[in-house]
Structure formats: structure tokens, C-alpha cells
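Chains, contacts and geometry: an overview
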Amino acid sequence: MPSNNLSIALEDQYGAHHYAPLPVVLSRGQGVYLWDDTGKRYLDMMSAYSAVSHGHCHPKLVKALCEQANQLTIVSRAYYTDQLGHFLQSLATLTGFEKILPMNTGAEAVETAIKAARKWAYTVKDVPCDQAEIIACAGNFHGRTLAVIGLSTESQYREGFGPFPPGLKTIPYGDIHALKEAITPNTAAFLVEPIQGEGGIIVPPAGYLKACLDICRANRVLMICDEIQTGLGRTGALLACQHDGIKPDAVVLGKALGGGMLPVSAFLSNREVMDVFTPGGHGSTFGGNPLAAHIGAVALKILIEEKLIEQAKTLGKYFQEQLKTITSSIIREVRGKGLLIGVEVNAHYSARSLCLKLLEQGVLSKETHSTTIRFAPPLVITKDQIDDAVRIFKSVLESSVL
Ligand SMILES: *Cc1c(COP(=O)(O)O)cnc(C)c1O
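Residues numbered from 1 in each chain as written. Predicted model: local features only at pLDDT ≥ 70, side-chain atom pairs only at ≥ 80, totals over all residues. Heavy atoms only, no water.

We now examine the site of the ligand. With respect to spatial proximity, the complete set of residues near the ligand consists of Thr105, Gly106, Ala107, Phe141, His142, Gly143, Glu193, Asp226, Ile228, Gln229 and Lys255. Take Ala107: an N or O atom from its main chain is 2.8 Å from an oxygen atom of the ligand. For the ligand, the accessible surface in isolation is 380 Å², of which the surrounding protein chains cover 82%. (Near = heavy atom within 4 Å. Polar contact = N/O pair within 3.5 Å; in protein donor to acceptor, adjacent residues only side chain to side chain. Areas by Shrake-Rupley, 256 points an atom, 1.4 Å probe, with all protein chains shown as cover.)

See below:
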């Protein structure tokens with residue numbers, strides 16, 4: 001084991017075992033690179049599930065964090081601050097949504113979306129009390145809270161954690177008919193990921209989201225896109241739903257919104273939906289705090305200034321093309337959009353053991369499910385760095401053929 005066994009042993013002894021980390025102890029990051037505690041360098045193909053789209057320790061974000069930390073960090077929403085309004089304005093201007101409710105983690109923002117949809121159903125759509133329904137898709141990942149795992153179809157996320165709140169149902173992903181059939185007069189919202197990230201980088205058929213929006217509009221159902229992983233440039237568009245040319249009723253953002261520094265998430269919608277919230281009806285001690293708001297605003301500024309969305313589009317296309325040129329009996333499929341790429345391996349191989357070999361060769365990835373390897377580097381990656389990753393991946397595949 002190259003890395004420090006003590007760090008691993010301490011986590012193992014004192015931490016809950018709800019993750020199965022690869023055996024590497026990371027101690028430093030810069031851009032697309034991470035270093036372990038022995039000084040070995042790795043190319044990061046995980047980006048903390050897209051939370052580090054700006055690259056590790058982006059100098060402008062580090063500076064912004066330090067400056068704001070010296071100025072004002074947390075005051076609670078009992079007061080206004082000189083930061084929050086500017087952050088909300090930047091995000092609204094960039095995305096075209098009228099109103100924003102800031103939270104911290106992704107799951108909290110999804111919970112906020114579900115609460116908003118339910119209350120909208122009762123107060124605007126006149127759904128009978130406590131009858132509102134939320135529809136989500138099989139294979140989804142929307143976070144780990146109880147309502148959210150109540151929407152999950154993944155048994156390991158749910159097992160032993162019931163009972164779950166009522167009014168939640170799931171339909172197959174990518175299936176427009178199933179959505180039509182699942183909608184009832186009590187349906188409040190359809191919650192969907194434009195690409196299922198944790199589900200294995202599953203890209204639905206082109207036009208799927210557009211067809212969903214048409215069905216939702218025809219039935220007065222809110223369409224909410226969970227863009228926590230796909231949003232903010234990851235797929236080569238500001239929001240992945242824009243590939244289908246649509247603007248849903250609401251969007252949930254997180255991960256990259258915090259610039260890889262802090263948990264910053266948000267629920268974005270129009271006035272009609274957001275106005276269901278009145279003082280006391282929802283809240284969060286840390287949501288919208290000035291430190292988070294400042295980091296969020298700077299993260300958005302960098303996204304535009306450094307053209308990270310365009311970068312994800314062109315380099316993502318290049319990366320996928322390069323991966324597709326690999327001829328190996330191990331690869332079943334290369335799929336994804338922008339810099340959210342999944343390589344599906346043949347069922348005889350384990351994605352995890354390939355990830356362990358990649359780790360040895362200085363590339364950090366992680367399997368999603370047992371057969372998909374994720375290639376989702378920080379959006380600041382260069383062509384040369386992609387070439388390095390592809391070359392290493394090729395050599396790992398060559399040495400792994402059974
Ligand atoms: C990561 C993720 C979440 C949950 O975010 P947390 O910050 O871990 O709570 C929700 N939805 C999607 C699509 C995600 O990728």
C-alpha cells in the first residue's frame with residue numbers, strides 16, 4: 001500500500017462504513033491534479049461528482065474564500081447581507097429563472113423542490129389536502145434524505161430505511177408514455193435528471209426532455225430538472241436541459257455551484273412557484289450565508305470568464321472521440337455529453353478492479369454501479385491531459401484482458 005495506512009486505519013476505526021473508498025490518501029489538489037500523502041500525482045477524473053468543475057483550489061476561489069472569511073461568514077437569514085442578493089441576481093441572470101432559494105447540499109435543494117411542488121399543488125392547482133403526487137424516474141439519484149430515497153429504485157439506498165413518505169412514484173427513465181400514464185389530477189411535479197449521473201451516465205433519447213415538458217404543460221404538472229450534477233457547464237451547456245432546447249418550470253443546482261469550496265445549492269423557479277414560500281414555511285441556518293453566497297457568485301463568474309462551458313463542449317467531444325477509438329474487448333460502450341462520460345465495461349470485468357489499476361497508474365476514477373467507469377474531470381482540463389488519461393486507460397485495458 002503506497003499511501004499512509006494510519007489515515008486509512010483511523011477512518012476505518014472511527015468512521016461509519018457507508019463508503020468503500022479506493023486505497024489512496026489524498027492530501028493536496030491543484031487544477032486537475034491531486035497528490036497523495038506520499039507525493040504521488042493523480043489526474044482527477046471524478047471531480048468529486050462534478051463539485052470540482054472549476055479545478056481543485058482554483059486561485060481566484062481560494063482568494064475569494066479567504067477574503068470573505070476575513071469579512072463576514074454566517075449571520076443567519078434573520079438579517080440581510082451585502083452578499084446574498086448579488087449572488088441570487090447573478091444566478092437568475094445567468095439561468096433566466098426569476099426566483100431562487102439557496103440551500104447547502106444537493107439533497108436539501110431537492111427536498112426544497114418537492115416541498116415547493118407540493119405546496120404549489122395545494123395552493124395553485126387545488127389538489128386536495130395531502131394528496132399531491134411526485135413522479136420521478138427509475139434509476140434516479142436525487143440525494144440521501146428520506147423523502148428523496150423514497151423516490152429511489154435502488155435497493156441499497158432504501159433497504160432498512162423505511163417507511164417513506166407517501167405520494168411518491170417512479171416510472172422508467174426515457175419513457176414518454178410511462179409519464180403520460182402516471183400523471184393524475186393530483187400530480188404536482190415530475191422530477192428528472194437530464195442525464196442520470198449516479199445511475200451510470202445514462203443519456204435519454206434526444207427530445208425526451210422536450211416531450212416531457214409538453215406532457216407536463218398539457219397536464220399542469222411542474223417539470224423540475226435535477227441539474228445538480230449535469231448543470232453549470234458539465235455537459236457542454238449551462239444547463240443540460242438546454243440541449244433539448246427547453247426551460248423547465250424549475251431547476252435544482254448544487255455541486256459546482258460551490259466552486260469546489262463549500263456546499264452551495266439552490267432551487268430555481270418562477271414567481272408563481274416560489275411565492276408558495278412565506279416567512280417561517282421553510283429555511284436553513286446555513287442556506288444563503290454570505291461566505292457561500294460570495295463563493296457561489298465567484299464560481300459563476302469564473303465559469304463564464306474562463307469559458308468553461310465551451311471548454312466542456314469541445315474537450316468533452318474530443319475526449320469521447322478518443323475513448324471511442326480504443327479497440328478493446330473490455331469496452332461495451334462509451335457514452336455521455338460534454339465532460340460527463342461513462343465507459344461501460346463488459347460484464348466479465350469489474351469496473352472497480354479497472355479503477356484500482358487506473359489508480360496505480362495515476363488516474364483517479366470510480367465505478368458507478370459495477371460496470372461503468374466515470375470520466376468527469378474538472379472542466380479546466382487541457383487536451384494534453386486528456387491524451388494522458390486516454391493513454392493510461394489504454395494501457396490498463398491492454399494489461400487487463402482476460
Ligand atoms: C449529488 C447529487 C445529488 C445530491 O447532492 P448532495 O450534495 O450529495 O446532497 C442530487 N442529485 C443529483 C443528480 C446528484 O448528482
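Text resumes after the structure shown.
Here the focus is unusual backbone geometry. Here the amide bond leading from Gly162 into Pro163 is cis, since omega sits at 0°, within 30 degrees of zero. Relative to the elements of secondary structure, Pro163 occurs in the loop between helix 7 (155-158) and strand 6 (168-171). For Tyr49, which is not a glycine, the phi torsion comes out positive at approximately 55°. In this structure, Tyr49 sits in helix 2 (residues 47-50). (Helix = DSSP H or I, 4+ residues; strand = E, 2+ residues; numbered from the N terminus.)

Bringing the packing of aromatic side chains into the picture now. Summed over the entire model, instances satisfying the criterion amount to five aromatic pairs. Both rings, one in Tyr173 and one in Tyr208, keep their centres 5.7 Å apart while their planes meet at 80°; by these two values the pair is edge-to-face. On the criterion of sequence distance, the pair formed by Tyr173 in the loop between strand 6 and helix 8 (176-182) and Tyr208 in helix 9 (residues 208-218) is long-range, its members being 35 residues apart. When its relative accessible area of 16% is taken as the criterion, Tyr173 is described as buried. Where Phe375 meets Phe393, the ring centres are 5.0 Å apart and the plane angle is 65°; that geometry is what we call edge-to-face. Placement of Phe375 in strand 15 (residues 372-375) and of Phe393 in helix 14 (residues 383-398) is noted, with a sequence separation of 18 residues between them. (Phe/Tyr/Trp six-rings, centres within 6.5 Å; stacked < 30°, edge-to-face > 60°. Buried < 20%, exposed > 50% of the residue type's maximum accessible area, 1.4 Å probe, protein only.)

This part takes up helix 11 (residues 290-305). Counted at 1.5 Å a residue, the expected span for helix 11 with its 16 residues is 22 Å, and the 22 Å between its end C-alpha atoms agrees. Judged by how many residues are buried, helix 11 sits mostly within the fold: 12 of 16 residues are covered. Of all the residues in helix 11, the buried ones are Pro290, Leu291, Ala292, Ala293, His294, Ile295, Gly296, Val298, Ala299, Leu300, Ile302 and Leu303. Elements in contact with the buried residues of helix 11: helix 3 (59-69), helix 4 (84-95) and helix 12 (308-324). One or two residues past the end of helix 11 sits Lys307, with phi positive at roughly 50°. (Expected span 1.5 Å × (residues − 1). Contact = heavy atoms within 4.5 Å.)

Per the domain assignment, the segments of the protein chain are domain 1 (3-57 + 308-400) and domain 2 (72-305). With 28 residues of domain 1 at the interface, the matching set in domain 2 holds 28 residues. Regarding the contact of domain 1 and domain 2, the summed buried area is about 2300 Å², with carbon and sulfur atoms giving 62% of it. If you look at where domain 1 meets domain 2, you find one salt bridge. One salt bridge in this structure joins Glu198 and Arg374, with 3.0 Å as the shortest N-O distance. Applying the counting criterion to the domain 1 and domain 2 interface returns 16 residue pairs in polar contact (both at pLDDT 80 or more). Going through the elements one at a time, helix 2, helix 12, strand 11 (331-337), strand 12 (340-345) and strand 15 are the ones with two or more residues in the side of domain 1 that touches domain 2. A total of four residues in the side of domain 1 that touches domain 2 trace back to one element, the largest contributor, which is helix 12. For the side of domain 1 that touches domain 2, the residue count by class is 14 nonpolar, 10 polar and four charged. (Domains from an automatic or database assignment. Buried area = accessible area lost by both parts, 1.4 Å probe. Salt bridge = Lys/Arg side-chain N within 4 Å of Asp/Glu carboxyl O. Nonpolar A, V, L, I, M, F, W, Y, C, P; charged D, E, K, R; others polar.)

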